[in-house]
Each structure stands twice: as C-alpha cells, then as structure tokens.
Amino acid sequence: MHIPDGYLGPATCGFFYVIMLPIWAVASKIVKKTLSAKQVPMLAIGAAFSFVIMMFNVPIPGGTTGHAVGGVLAAILLGPWAACIAITVALVIQALLFGDGGITAIGANCFNMAFILPFVGYYVYKAISHNTPVDSKRRVIAAGVAGYTGINLAAFLAGVEFGLQPLLHHTAGGQSLYCPYGLKVAVTVMLGEHLLIFGWVEAIVTALAIKYLQKHSGDLLAERKVKL
Amino acid sequence: MKLITKLWLGLGVLIILSPLGLLLPEYFKAGAAWGEWGVDEIQTLAGYIPKGLEKLSSLWSAPIPDYAFKGWEEKPLVNLSLAYVSSAVLGVLVCIGVVFILGKFLSKK
C-alpha cells in the first residue's frame, strides 16, 4: 500500500500534504498534552513495531504481495493520535531510507496508513469492546474486526487515489500520465486483495497481540491509563 | 520480566524473522505489490510507460532501495536476507531515535 513516486500526479500529492499538515499539527498538540516522558519508549516501540511488521510481505502465490501495518494495534495501545505520529515516523523512514513509498506520496500514504487506518481501527475497537472487562474475549474479537476494517478502508482509499489518476491527468491520446489504471481496476484490486488476504493478516496480528497483552499486562488495555 | 523488556525482545525476534518477508514471496513466485512496480514492469503490464510517472519515479534515490544494498540486486538470497535483516535493524534504530528526539518536544514535563 506504499504508493511510490510517479503514481500520483502533483495535484493529488499536494492535496494530501495539505490535508496531513493540520492532522500532524493536531496530533503533536494532543500528544504533547497527554504523553508522559515515561510513555516515550512505548511510542518508540509502536513506531519500530509498525516499521518492521510492514517488512513481512505476505505473498499471493504467483501474484502480488502485501503486508499488515500494525497501526490498529498501535492505536488501541497508544490512542489514535499518538499512533498517527508513530506510523508517520515509520512511513517517512521507509520512504527516505528505503525507497518504500514515494517522497511525493508521503502525504497520501500517511493519510491512508497513519490517519485513516489507526482512527477507524481505534473507534471500531472502542465501539465493540465498550464497557467490557479488560480480559474479555470480546476485546480480542474487537481487535481483529478493528484491524480488518482499518486496513481495508486504507486500501480502498489507496485504490481511489491510484484510480483517479487517469481521470485527472492524461494525454490527448488517452494515456495516463501517472498510475495507468482507472478506478474500477485499482479499487477492485486494492480492496479485493486486502479483503481476501492482507486484511486477515492485520486482523490476526492485532487480535493475537491483544490476547497476549490480556494475559501479561491487562493494565495496558485499561481505559484510562493509556488514553493519549 | 517487565512488559516493556518483553516488547523490546519481541521487536528483536521480529527483526530476526524479517527475511521471511523476502523469502516467502520469492518461494511462492509473487511479484511486487500492486501499484509498486518499476518502470519496466509497467511497460509490460500497461503497454506503455506513463510520461509523468517516468519523470517522477526517479525523483528520489534512496540509500538502501527496497531494503537491499545497492549493487546487490543479483546476489544470492542469503546475501539479500542479510541486507534485509540489516535494513530492519537500521530502520528500527532510526525509528526509535526519531521518536526519542520527538518525545523530547512532545511529552509533558
């Protein structure tokens, strides 16, 4: 889901940078008010975990690959605003050092994976796990559903961003200047492969991690303690 | 053991296992992620290279492109796995470093 340089035209790239700037500003402001110095290592682990989980490419035999983001887990544990910062750090490092995702597409990639994914995941988790005890089974299911929903919505948006390009920028002969595939193909493939395969990876990662934390550190899941 | 220590260890385990993300797609003959093809691949897939894409795609030259050292493209998988683990170590360390620096500005006193 890391959109490389060249797939999105300047209008789309600019648009998402403009959208992300106030989101990053608000995230910084909120995290500054709520994050204690003691929680900084958790935020660092969140960023590092997201970075490394995205390296686990899962193959569709003979086809493409995809991966989990780990962003919904970060959002459940750190709150969505802090997760936004942690995933942004991971995505920027991936783009700058490893060429994974374009530098012109940092705005768009962060919108999909560092904003939509953690926020949707966080609120789905909250809605399903509402008022349940920290060690309830419902929380594990909530985490799985949240991971699945978050990553699929992000994939859908990436598909829309890819697919709009032939409409926005094309030559007189009808060739796209950027991503060559239109909405129908891009949205179908991006959403389809995540609904069928990669969404489950995010769901399982998120659910298993919550299950593990229930056993080993329930207080990390308690409502008030880690609210950022 | 404190939870945070376990989490750091878990991160270490993920780093060591990271080459699976390289080897499994190789084993199952899976190509690039959808929408993340190189220019040559697009030529094959779409039948042409979009003009803007061609220009922009070389805009940034990352120091460790695709988690592999430059010039190692043709090396055996063992070497590529080594580069992959090294990239994971470096990436994780930089993530931690950046968050700790950000944390200086973004946390309550």
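What counts, and at which threshold
- Residues numbered from 1 in each chain as written.
- Chains lettered and ligands numbered in written order.
- Predicted model: local features only at pLDDT ≥ 70, side-chain atom pairs only at ≥ 80, totals over all residues.
- Helix = DSSP H or I, 4+ residues; strand = E, 2+ residues; numbered from the N terminus.
- Rg over C-alpha atoms; globule rule 2.2 N^0.38 Å.
- Buried ≥ 20, exposed ≤ 12 C-beta atoms within 10 Å, placed from the backbone.
- Contact = placed C-beta atoms within 7 Å.
- Core = buried A, V, L, I, M, F, W, Y, C linked by C-beta atoms within 7 Å.
- Nonpolar A, V, L, I, M, F, W, Y, C, P; charged D, E, K, R; others polar.
- pLDDT = per-residue confidence, 0-100.
- Axes fitted to C-alpha atoms, helices over the stretch in contact; angles between N-to-C directions.
- Parallel < 35°, antiparallel > 145°, perpendicular 65-115°, else oblique.
- Left-handed = near helix turned anticlockwise from the far one by under 90°.

(A) Just the overall build of chain A, in detail. When its secondary structure is counted, chain A shows seven helices and two strands. In chain A, the succession of helices and strands from N to C terminus is α-α-β-β-α-α-α-α-α. By the compact-globule yardstick of 17 Å for 228 residues, chain A fits well, its C-alpha radius of gyration being 18 Å. With the C-alpha coordinates of chain A rotated into their principal frame, the extents come out at 60 × 40 × 30 Å.

(B) Up close: the overall build of chain B. In terms of helices and strands, chain B carries five helices and zero strands. Along its sequence from the N terminus, chain B presents helices and strands in the succession α-α-α-α-α. Computed over C-alpha atoms, the radius of gyration of chain B comes to 18 Å, more than 25% over the 13 Å expected from 2.2 N^0.38 for 109 residues, which places it beyond the range of a compact globule. Taken along its principal axes, the extent of the C-alpha atoms in chain B is 55 × 35 × 25 Å. Taken across its 109 residues, chain B has 31% of its residues classed as buried. Taking the contacts inside chain B whose residues are at least 6 apart along the sequence as the reference set, 51% of them involve residues at least 24 apart.

(C) Up close: the nonpolar core. Counting 109 residues, the largest nonpolar core has A47, A48, V52, A86, I87 and A154 of chain A together with C95 of chain B as the members making the most contacts within it. Residue contacts for I87 of chain A: discarding those within four places in its chain leaves S50, V69, G71, A74, M113, A114 and P118 of chain A.

(D) Main features of the interface of chain A and chain B. Counting residues at the interface gives 61 residues for chain A and 52 residues for chain B. The set of elements that each furnish at least two residues to the side of chain A that touches chain B consists of helix 1 (10-34), helix 2 (40-53), strand 2 (65-66), helix 4 (80-98) and helix 7 (183-216) of chain A. Take the side of chain A that touches chain B: its biggest share by element is 11 residues, from helix 2 of chain A. Split into classes, the residues belonging to the side of chain A that touches chain B amount to 38 nonpolar, 19 polar and four charged.

(E) Molecular detail of unusual backbone geometry. All names here are of chain B. The phi angle at K29 is positive, at roughly 50°, despite the residue not being glycine. As for its placement among the helices and strands, K29 is situated in the loop between helix 2 (20-27) and helix 3 (39-46). Even without glycine at this site, Y67 takes up a positive phi of about 60°. Inspection of the secondary structure puts Y67 in the loop between helix 4 (51-57) and helix 5 (77-106). The buried category is assigned to Y67, around which 26 C-beta atoms lie within 10 Å.

(F) View of the confidence of the model for chain B. Counting all residues, the mean pLDDT for chain B is 94, and 99% of those residues have values of 70 or more. Scored as a whole, the predicted complex attains pTM 0.95, and scored at its interfaces, ipTM 0.96.

(G) Structural view of the packing of helix 2 of chain B against helix 5 of chain B. Viewed as axis vectors pointing N to C, helix 2 of chain B and helix 5 of chain B meet at an angle of 145°, and their least axial separation amounts to 9 Å. Along the contact surface, helix 2 of chain B presents L22, L23 and E26 of chain B, while helix 5 of chain B presents L77, L80, S81 and Y84 of chain B.

(H) Seen up close, the environment of K108 of chain B. Mapped onto the secondary structure, K108 of chain B falls in the segment after helix 5. Its 12 C-beta neighbours within 10 Å are what place K108 of chain B among the exposed residues. Apart from residues no more than four positions distant in its own chain, K108 of chain B is found in contact with L35, S36 and A37 of chain A.

(I) Region of the structure containing the environment of A88 of chain B. Here A88 of chain B shows up in helix 5. Looking at A88 of chain B, the number of C-beta atoms within 10 Å reads 25, which means it is buried. For the pair A88 of chain B and G12 of chain B, spaced 76 residues apart in sequence, the C-alpha to C-alpha distance is 9.6 Å. Ignoring any residue separated from it by four or fewer positions in sequence, one finds A88 of chain B in contact with V52 and M55 of chain A together with I15 and S18 of chain B.

(J) The arrangement of the packing of helix 2 of chain A against helix 4 of chain A in detail. All names here are of chain A. Between helix 2 and helix 4, whose axes approach to 8 Å, the crossing angle comes to 45°. Put simply, helix 2 runs oblique to helix 4. Relative to helix 4, the crossing made by helix 2 is right-handed. Facing helix 2, whose interface residues are L43, G46, A47, S50 and F51, helix 4 presents A82, A83, A86, I87, V89, A90, I93 and Q94. In the contact of helix 2 with helix 4, the residues fall into 10 nonpolar, three polar and no charged.

(K) Structural detail: the environment of I101 of chain B. Residue and element names in this part refer to chain B. Looking at the element boundaries, I101 is found in helix 5. We classify I101 as exposed; it has 11 C-beta atoms within 10 Å. Along the primary structure I101 and I49 are separated by 52 residues, whereas in three dimensions their C-alpha atoms are 41 Å apart.

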